[in-house]
There are 2 protein chains.
Amino acid sequence: MAQKRTPPMKEKCCEFSKDLPDTIQKELDKKGGMEGLLARIPDASVLHASSRLHQALADPIRLTVMYSLLSQPLCVCVIKAVVNIADSKLSYHLTILKEQDFIVGEQQGNWIIYSITDNGRQALKCTERLGK
Amino acid sequence: MAQKRTPPMKEKCCEFSKDLPDTIQKELDKKGGMEGLLARIPDASVLHASSRLHQALADPIRLTVMYSLLSQPLCVCVIKAVVNIADSKLSYHLTILKEQDFIVGEQQGNWIIYSITDNGRQALKCTERLGK
DNA sequence: ACAATGTTTCAAGAAAATTTGAAACATTTG
DNA sequence: CAAATGTTTCAAATTTTCTTGAAACATTGT
């Protein structure tokens, strides 16, 4: 089977008109040009994961839940009393926080007790930093 | 005009069935009950603002832009070369980052040069913490 | 096994965020 | 001032996220 030759395609990635502002161009060159710039950006997979973490925190209801659990572990019924929304809605938001390991739930008899995780605590610290 | 008496309405907020797991109930009581719990949760307006901040970071394209600008100030055309998307799309994402004061743009001749702000740098530090 | 309580799951609908392409705007250059 | 370049704005289409209510699941007590 004949080996397929690499087609003579133009490098599609990372092109732009020849001249940029001088200061930009110089600094870019000094730091390894486009190649250097790209090398300093985290992998797409990392950025994707980071964006999911932020996404999970990007809702007032979910932040309210996080802050509630920062006080102490709570069963769903108490959390519900805090946020004052329908059961299924709360469950949806709890799931999103669970998926990012910000909280964990443990069945205890008839109830499920949610607690904040170390990740969750970190996340709230981040949130406060962002705010200031 | 007759003074309207406070109607005998049930406190609608923050109710739940009388019995909770014992450990939860005890800790809740010790910490000021529902009232104490609620008092430790930041204001809705604060949480709303925080969620917007996270929301702005909740997209891989926007994180890529932020990391690009962490290297150095850049004109839109270079950023575009990095993220490889349509102009208008990039502009949309730049606007969102601008709105949260993570980046600023300054016109310089024909170009607009974007830079990361101190808030933006903080935000990326947060992002890294979240990840680890 | 059945009823009661606490919680989650599911599918459908509603709302919000993102993408797209065309048009507009701003600045520089001829 | 017209053409060229760099960037933003706008409205419509698309995609994603969120909400809702009904049904299901799990545990406990009878």
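On a predicted model such as this, the values are computed, not experimentally measured, just so you know.

Novice: Quick one: what's the story with helix α6 (residues 87-99) of chain A, residue by residue and with numbers?
Specialist: Given 3.6 residues per turn, any residue in an α-helix points the same way as the ones three and four places further on. All names here are of chain A. The terminal C-alpha atoms of α6 lie 18 Å apart, and with 13 residues this matches the ideal 18 Å at 1.5 Å per residue to within 8%. Residues of α6 that are buried include every one of L90, H93, L94, I96 and L97, and no others. Projected onto a plane normal to the axis of α6, the buried residues spread over an arc of 155° and lie on a single side. Away from the buried face of α6 by more than 90 degrees, exposed residues S88 and E99 are located. Tucked into the core, α6 has its buried residues touching α3 (44-56), α4 (60-71), α5 (76-83), β2 (103-108) and β3 (111-116).

Novice: Could you give an account of the interface of chain B and chain A, with specific residues and numbers?
Specialist: Taken residue by residue, the interface counts 55 residues in chain B and 55 residues in chain A. Buried surface at the junction of chain B and chain A, summed over both partners, amounts to about 4900 Å²; 69% is from carbon and sulfur atoms. Contact with chain A buries surface across chain B, with H54, Q72 and L130 of chain B losing the most and accounting together for 14% of the total. Linking chain B with chain A are 0 salt bridges. Only α1 (22-30), α2 (33-39), α3 (44-57), α4 (60-71), β1 (74-75), α5 (76-83), β3 (111-116) and α7 (118-131) of chain B provide two or more residues apiece to the side of chain B that touches chain A. The residue makeup of the side of chain B that touches chain A, split by class, is 31 nonpolar, 16 polar and 8 charged.

Rules used throughout
Residues numbered from 1 in each chain as written. Chains lettered and ligands numbered in written order. Predicted model: local features only at pLDDT ≥ 70, side-chain atom pairs only at ≥ 80, totals over all residues. Heavy atoms only, no water. Helix = DSSP H or I, 4+ residues; strand = E, 2+ residues; numbered from the N terminus. Expected span 1.5 Å × (residues − 1). Buried < 20%, exposed > 50% of the residue type's maximum accessible area, 1.4 Å probe, protein only. Arc of directions from axis to C-beta. Contact = heavy atoms within 4.5 Å. Buried area = accessible area lost by both parts, 1.4 Å probe. Salt bridge = Lys/Arg side-chain N within 4 Å of Asp/Glu carboxyl O. Nonpolar A, V, L, I, M, F, W, Y, C, P; charged D, E, K, R; others polar.

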